[in-house]
Amino acid sequence: MAKKYRREPMPPLMKHIIEYGLVILGSFFVALAFNVFLLPNNIASGGVAGISTITKGVFGWEPGIVQWVLNIPLFITGVLILGKNFGIKSFVGTLVLPMFVLLTSDLDAATPDPLLGAIFGGMGVGLGLGIVFRGRASTGGIDLAAQVLHKFTHLPLGISVAMLDGLIVLTSAVVFSLEEGLYALIGLFATSRTIDFVQVGFNTSKNVMIITECVDDVRDAIFEEIDRGVTVLSGAGGYTDRERRVVMCVVQQNEFIKLTQTVKMVDPGAFVVAMNATEVLGEGFKTT
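Residues numbered from 1 in each chain as written. Predicted model: local features only at pLDDT ≥ 70, side-chain atom pairs only at ≥ 80, totals over all residues. Heavy atoms only, no water.

Here's the deal with the UniProt feature "transmembrane region" (unreviewed entry) in the chain
Here, the residues flagged by UniProt with the feature "transmembrane region" (unreviewed entry) are residues 20-39, 65-83, 90-109, 115-133 and 154-176. With 100% helix and 0% strand, residues 115-133 has end C-alpha atoms that lie 27 Å from one another. (UniProt positions renumbered as here; feature names shortened; annotations may be inferred. Helix = DSSP H or I, 4+ residues; strand = E, 2+ residues; numbered from the N terminus.)

A closer look at the nonpolar core
Membership of the largest hydrophobic core comes to 18 residues, with the highest contact counts inside it found for I43 and V125. Within the residue set of this core, elements represented by two or more residues are α1 (12-38), α4 (88-103), α5 (114-134) and α8 (178-200). Top contributing element to this core by residue count: α1, with 5 residues. Dropping the residues within four chain positions of it, I43 is found in contact with F37, L38, T53, P114, G117, A118, Y183 and A184. With 15 residues, the next largest nonpolar core counts I210, V215, V230 and A270 among its residues. (Core = buried A, V, L, I, M, F, W, Y, C linked by side-chain atoms within 4.5 Å. Buried < 20%, exposed > 50% of the residue type's maximum accessible area, 1.4 Å probe, protein only. Contact = heavy atoms within 4.5 Å.)

Thoughts on the pairing of strand β3 (residues 243-251)
Here strand β1 (residues 205-211) runs beside β3; their pairing, made up of 6 bridges, is antiparallel. Bridging from a neighbouring strand, I211 pairs with V246 of β3. The pairing of strand β2 (residues 231-236) with β3 spans 6 bridges and is classified as antiparallel. Within β3, the position partnered with G235 by the bridge is R244. In textbook terms, the turn of a hairpin is the stretch between consecutive antiparallel strands, and for β2 and β3 this stretch comprises 6 residues, one of which, D241, has a positive phi near 60°. (Pairing = 2+ DSSP bridges.)

Comments concerning the sheet that holds β3
Strand order in the open sheet formed by 4 strands is β2-β3-β1-β4, and the pairing between neighbours is antiparallel. Where the open sheet ends on each side, the last strands, each with one partner, are β2 and β4 (271-277). Averaged over all adjacent pairs, the angle separating strand axes in this sheet is 25°, with direction ignored. Across the sheet, helix α10 (residues 256-266) is in contact with β1, β3 and β4; its angle to β1 comes to roughly 10°. (Axes fitted to C-alpha atoms, helices over the stretch in contact; angles between N-to-C directions.)

Some thoughts on the environment of A137
Relative to the helices and strands, A137 resides in the loop between α5 and α6 (142-153). Of the residues examined, A137 reaches a relative accessible area of 9% and is grouped as buried. Distance from A137 to Y20, taken between C-alpha atoms, is 8.8 Å for residues 117 residues apart in sequence. The contacts of A137, once residues within four sequence positions are left out, are V23, K89, S90 and V132.

Topic: a nonpolar patch on the surface
Together, V58, F59, W61, L167, L170, V174 and V175 give the surface a local cluster of nonpolar side chains, amounting to about 720 Å² of exposed area. Going through the elements one at a time, α2 (47-59) and α7 (157-175) are the ones with two or more residues in the nonpolar patch. At 4 residues, the largest contribution of residues to the nonpolar patch is made by α7. Counting through the fold element by element, W61 comes out in the loop between α2 and α3 (63-82). Under the relative-accessibility criterion, W61 is labelled partly exposed at 47%. (Patch = residues over 30% accessible without salt bridge, like charges linked within 9 Å, V, L, I, M, F, W, Y side chains within 5 Å. Areas by Shrake-Rupley, 256 points an atom, 1.4 Å probe, with all protein chains shown as cover. Salt bridge = Lys/Arg side-chain N within 4 Å of Asp/Glu carboxyl O.)

Some points on the pattern of salt bridges
Applying the stated criterion across every chain yields a total of 8 salt bridges. A salt bridge links D196 to R193, with the shortest nitrogen-to-oxygen separation between them at 3.1 Å. Highlighted residues: D196 and R193, both in helix α8, separated by 3 residues, approximately one helical turn. Residue D196 is classed as partly exposed on the basis of its relative accessible area, which comes to 35%. R193 sits in the partly exposed class, given a relative accessible area of 48%.

Remarks on unusual backbone geometry
A positive phi angle, close to 65°, is found at H154, a residue other than glycine. Structurally, H154 is set in the loop between α6 and α7. Phi at D227 takes a positive value of approximately 60°, unusual for a residue other than glycine. Tracing the chain through its elements places D227 in the loop between α9 (215-225) and β2. By relative accessible area, D227 is classed as partly exposed at 25%.

Here's the deal with the packing of aromatic side chains
All told, the structure shown has 5 aromatic pairs when counted by the stated rule. Both rings, one in F28 and one in F100, keep their centres 5.5 Å apart while their planes meet at 80°; by these two values the pair is edge-to-face. Of the two residues, F28 is situated in helix α1 and F100 in helix α4; the sequence distance between them amounts to 72 residues. Cluster of aromatic residues (ring-pair linked, three or more members): F28, F29 and F100. Here the basic side chain of K206 rests over the ring of F256, its NZ or CZ set 5.8 Å away from the ring centre. (Phe/Tyr/Trp six-rings, centres within 6.5 Å; stacked < 30°, edge-to-face > 60°. Lys NZ or Arg CZ within 6 Å of the ring centre and 35° of its normal.)

Following this line, the structure appears as structure tokens:
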């Protein structure tokens, strides 16, 4: 059988300290990437930071001040219109990020190459935002504006975010150049992929569905050989309409080959389907 254990819950105070620490640390990484990679190369890869890059290029306005001026009203508007409690941590992120942008504004550019700036700036912003999200918070800005747009237009939230970010990137292409607009798209893509990496990491698991006539034998073999739990689901054949039981088992990547070999050893005719599972919470995997 799978190993049984219980993990002691983290004290609430320690949990809050860690989460606030993640919000502050993540905000610092976002500000650092913005000032040493994105801003010096006029890369406005979406968000309030992208708007502040454009206003810096056009009017010479200090990006940190612009981000404060935009973030705080957006946060208040989100609370008033959406009627949600966005939490103190998100408000802290809204305040702390522009502060770090101001504190790191005198740093020299890491590279004059806009392609490198877009890639590493996007990755740095993604790393910072991913850490902030790990702290169960956000840095406000365009995400809140997208939620307001979603409420009034009923557009999917993902489409709302993409529309606003796309408008900022398009504006940067007009204000700076088409080439810099394209670099902004690269930065935006690098940010989204890095956020995904910070959220789920490299450890993609496999969710395996096994259709077999030997359900009990396959289940017992998985218990003994793989030391993983299983779930037996009820199903029906699409052609025969005959009731079938399906064995579902989630394993780590390095256990997948052993699982398939074990199943085939018990029932060579078993039908096995494997799908990537990027976030598995529970016994034997991540607990939070």
